[in-house]
Each structure stands twice: as structure tokens, then as C-alpha cells.
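Here are the chains, one letter per residue:
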Amino acid sequence: LWNDELESVGQSLELPKCSYYLLYYEFSSTGRPNLKAGKFGPRLVLRNSSGNIAIKQKSAYEAHKTLGHLKSPAGIQKVQLTELKDQSDFLAEVIRRYPFERYEAEMIFHAVYLSKLRYTLTTNYYTASQLDSVQGNALGVFLSRAGYNRNTARAVVYGPVALGGCGFHRLYYEQGILQIEMFV
């Protein structure tokens, strides 16, 4: 185990923070697998220099945050989508409360907002409507602060500045670009 490797070099895992998934499938009469919810099997107890520690088992449908990504073996992405919406709304509230100049609002959108929200889009797939709902509130605030009408046609909002657009980025397009970059 990884725990043994670390201990061999004088380090250790923080076992109380560790968890694991035990995946249990039932098969239909046609052979189709069905991932079951719940916790199965015996308890997992690891021993280290401070004694025996029980490791927490998680359901296959329970998301776990690893390197900033909320993932579950069942592939449920709703928890991560809710997290994205919360982050987007928080940043929109920050922009709404403070008197930023036009160029500052655009800079914050590109440098902070997109960077923060793009991070998990590489390993998830969301529909255009899901990501538009994540971005909707914040986009209106950023447009307003940048001096544009918040009801400007989205084709203009997402269009390049060189062609008369506002130069904002749609999260759905960002997701596609990031996934292609990861694949290549």
C-alpha cells in the first residue's frame, strides 16, 4: 500500500482523512451491470505507528474532492456543477459590490473568473444549458461592469473584439477546447 511506501521513507498518510470506494455491481438477466448505491464489505482498518485506524468507505454515488475535482465512481457530476455555480455566483457578487473600471471587470473575467471555473471542465462534461445557467448571473454582472448592456445578444457577447464583439468566453466552448487539448 501507499501507506507502507511512505512509512519506509519516514513519512505517513493522514489516515483519518483517507477514504475508499468499494464498487458493487448487480447484473440484469441480459448481463447489463448496475452499480449499487451504499456501502459493502468488511471495514478497512490500517495500522500505522499510532495504532489501528478505520478508513471511511464512501458510496459509489458520493462525490469526493481530489485535486479540486468533485468526482464519484458513478459519474454523477451534479455536486461539481453546484460547486461551479456557487463559485460563479460568488465572483459575480464580488464584482457587483465593488466599483471596478471597465477594463478591470474584463481583466477579472479573463484572468480570475475563467481560470477558476475552467479548472474542472477538462474532466467533466456538461451540456450547453447547464453551463449557461452556471455562467448566466455572473455574465450579466461582468457585462454591466464592462459597460455593455446585460441583454446584449450572446452572439455579440461571445464574438471576438476584432469583429465587433465583446470578447467574453462561453464556458461551454471553453469546456470543448480544454477537452480537445487534453486529448491531443
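Our subject is the structure listed above.
Rules and cut-offs
All residue numbers here refer to positions counted from 1 along the written sequence of the relevant chain. Per-residue local features of the predicted model are confined to residues with pLDDT of at least 70, and side-chain atom pairs are confined, for both listing and counting, to 80 or more; whole-chain, interface and lining totals are unaffected and use all residues. Note: side-chain values were computed over all heavy atoms of the structure, leaving out hydrogens and water. Counting from the N terminus, the helices are the DSSP runs of H or I reaching at least four residues and the strands are the DSSP runs of E reaching at least two. Using C-alpha atoms as the atom set, the radius of gyration is obtained and then compared with a globule rule of 2.2 Å times the number of residues to the power 0.38. Whether a residue is buried, partly exposed or exposed follows from its accessible area with a 1.4 Å probe, protein chains only, as a fraction of its type maximum: under 20%, in between, or over 50%, in that order. Any two residues having at least one pair of non-hydrogen atoms within 4.5 Å are treated as being in contact. Note on areas: these come from Shrake-Rupley sampling with a 1.4 Å probe, and a residue is covered only by the protein chains present in the view. N or O atoms closer than or at 3.5 Å make up a polar contact, with two conditions inside protein: a donor-capable atom paired with an acceptor-capable one, and, for residues adjacent in sequence, both atoms drawn from side chains. Any two of the Phe, Tyr and Trp rings considered here, Trp counted by its six-membered ring, make a pair once their centres fall within 6.5 Å; the pair's planes then place it as stacked at under 30 degrees, edge-to-face at over 60, or tilted in between. A ring has a charge above it when a Lys NZ or an Arg CZ is no more than 6 Å from the ring centre and no more than 35 degrees off the ring normal.

Asker: Explain the overall build of the protein chain to me, using residue names and the numbers behind them.
Answerer: A count of helical and extended segments in the protein chain gives six helices and seven strands. Taken over the C-alpha trace, the protein chain has a radius of gyration of 22 Å; the compact-globule value for 184 residues is 16 Å, which it surpasses by more than 25%. Expressed as lengths along the three principal axes of its C-alpha atoms, the size of the protein chain is roughly 60 × 50 × 35 Å. Classification of the 184 residues of the protein chain by burial places 32% in the buried group. If you take every contact in the protein chain between residues at least 6 apart in sequence, the share linking residues at least 24 apart comes to 60%. Of the accessible surface of the protein chain, which amounts to about 11,700 Å², a share of 57% is contributed by carbon and sulfur atoms.

Asker: Account for the side chain of glutamate 174, naming residues and giving values.
Answerer: For glutamate 174, the location among the structural elements is in helix 6 (residues 171–183). Relative accessible area serves as the criterion here: at 7%, glutamate 174 is assigned to the buried category. A distance of 2.9 Å separates polar atoms of two side chains, one belonging to glutamate 174 and the other to arginine 118. Setting aside chain neighbours within four positions, we find glutamate 174 in contact with Leu114, Arg118 and His169.

Asker: Talk me through the environment of glycine 167; I want residue IDs and the actual numbers.
Answerer: Turning to its location among the elements, glycine 167 is positioned in the loop between helix 5 (154–157) and helix 6. When the C-alpha positions of glycine 167 and histidine 110 are compared, they lie 9.5 Å apart, and in sequence the two are 57 residues distant. With sequence-adjacent residues up to four places away left out, glycine 167 is seen in contact with His110, Val157, Gly159 and Val161.

Asker: Please set out the packing of aromatic side chains residue by residue, giving values where relevant.
Answerer: If you walk through the whole model with that rule in mind, you get eight aromatic pairs. Plain terms: the ring middles of phenylalanine 109 and tyrosine 113 are 5.2 Å apart, the flat faces sit at 20° to each other, and that makes the pair stacked. Here phenylalanine 109 and its partner tyrosine 113 are both found in helix 3 (residues 102–118), four residues apart, which amounts to about one turn of the helix. Grouping residues by exposure puts phenylalanine 109 and tyrosine 113 together as buried. An angle of 75° between the planes, with centres 5.2 Å apart, marks the rings of phenylalanine 109 and phenylalanine 142 as edge-to-face. Taken as a pair, phenylalanine 109 in helix 3 and phenylalanine 142 in helix 4 (residues 128–145) lie far apart in primary sequence, 33 residues in all. Taken together through their ring pairs, the aromatic side chains of Phe109, Tyr113, Phe142, Tyr148 and Phe168 make up a single cluster. Directly above the aromatic system of tyrosine 148 lies the positively charged group of arginine 102, at a separation of 6.0 Å from the ring centroid. Its guanidinium or amino end placed over the ring of tyrosine 173, arginine 170 lies 5.1 Å from that ring's centre, counting from NZ or CZ.

Function cannot be read off these values alone, since they describe shape.
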